[in-house]
Amino acid sequence: MKTEEIIIANLKCNGCASTIKKEIAALSGVKEVTVDVEKDAVKVTYENIGRESIINKLHSLGYPEATEKNGLLLQIKSYGSCMVGRINNL
């Protein structure tokens with residue numbers, strides 16, 4: 001089992017964190033997910049899944065790894081994910 005901290009872009013609030021936790025936790029092989037909004041970090045404990053699958057899921061939600069190019073489309077996706085997370089927290 002591996003635990004890894006991934007620094008991401010576009011993380012703005014607890015709504016974002018809620019969406020990230022839910023979506024990453026749903027990946028087969030992911031055991032635990034925590035999000036630190038202040039550090040722009042996602043900590044994932046996983047096995048039997050590649051790191052690339054986690055990175056790809058984050059990217060599809062609009063939260064690319066901080067080393068990736070962060071274009072307008074990804075920023076818009078992150079706002080959509082943020083809104084969904086806020087609604088789910090109501």
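The structure we're discussing is the one just above.
Because the structure is a prediction, the values reported are computed rather than measured.

1. Describing the sheet that holds strand 3 (residues 41–46)
Stage number 1. The 3 strands lie next to each other as 1-3-2, forming an open sheet whose pairing is antiparallel. Single-partner strands in this sheet number two, and they are strand 1 (2–7) and strand 2 (30–36). Going across the sheet, the axis of each strand differs from the next one's by a mean of 15°, ignoring polarity.
Stage number 2. Pairing of strand 1 with strand 3 involves 6 bridges; the strand directions are antiparallel. Directly across from K2, in strand 3, lies its bridge partner Y46.
Stage number 3. The strands touched by helix 1 (residues 14–25) are strand 2 and strand 3; relative to strand 2, the strand with the most contacts, the crossing angle is about 165°.
Stage number 4. Running over the sheet, helix 2 (residues 51–61) touches strand 1 and strand 3 and is turned about 35° from strand 1.

2. Some points on the side chain of N10
Stage number 1. The residue N10 is located in the loop between strand 1 and helix 1 in this model.
Stage number 2. At 2.8 Å, the side chain of N10 forms a polar contact with the backbone oxygen of G62.

Conventions adopted
- Residues numbered from 1 in each chain as written.
- Predicted model: local features only at pLDDT ≥ 70, side-chain atom pairs only at ≥ 80, totals over all residues.
- Heavy atoms only, no water.
- Pairing = 2+ DSSP bridges.
- Helix = DSSP H or I, 4+ residues; strand = E, 2+ residues; numbered from the N terminus.
- Axes fitted to C-alpha atoms, helices over the stretch in contact; angles between N-to-C directions.
- Contact = heavy atoms within 4.5 Å.
- Polar contact = N/O pair within 3.5 Å; in protein donor to acceptor, adjacent residues only side chain to side chain.

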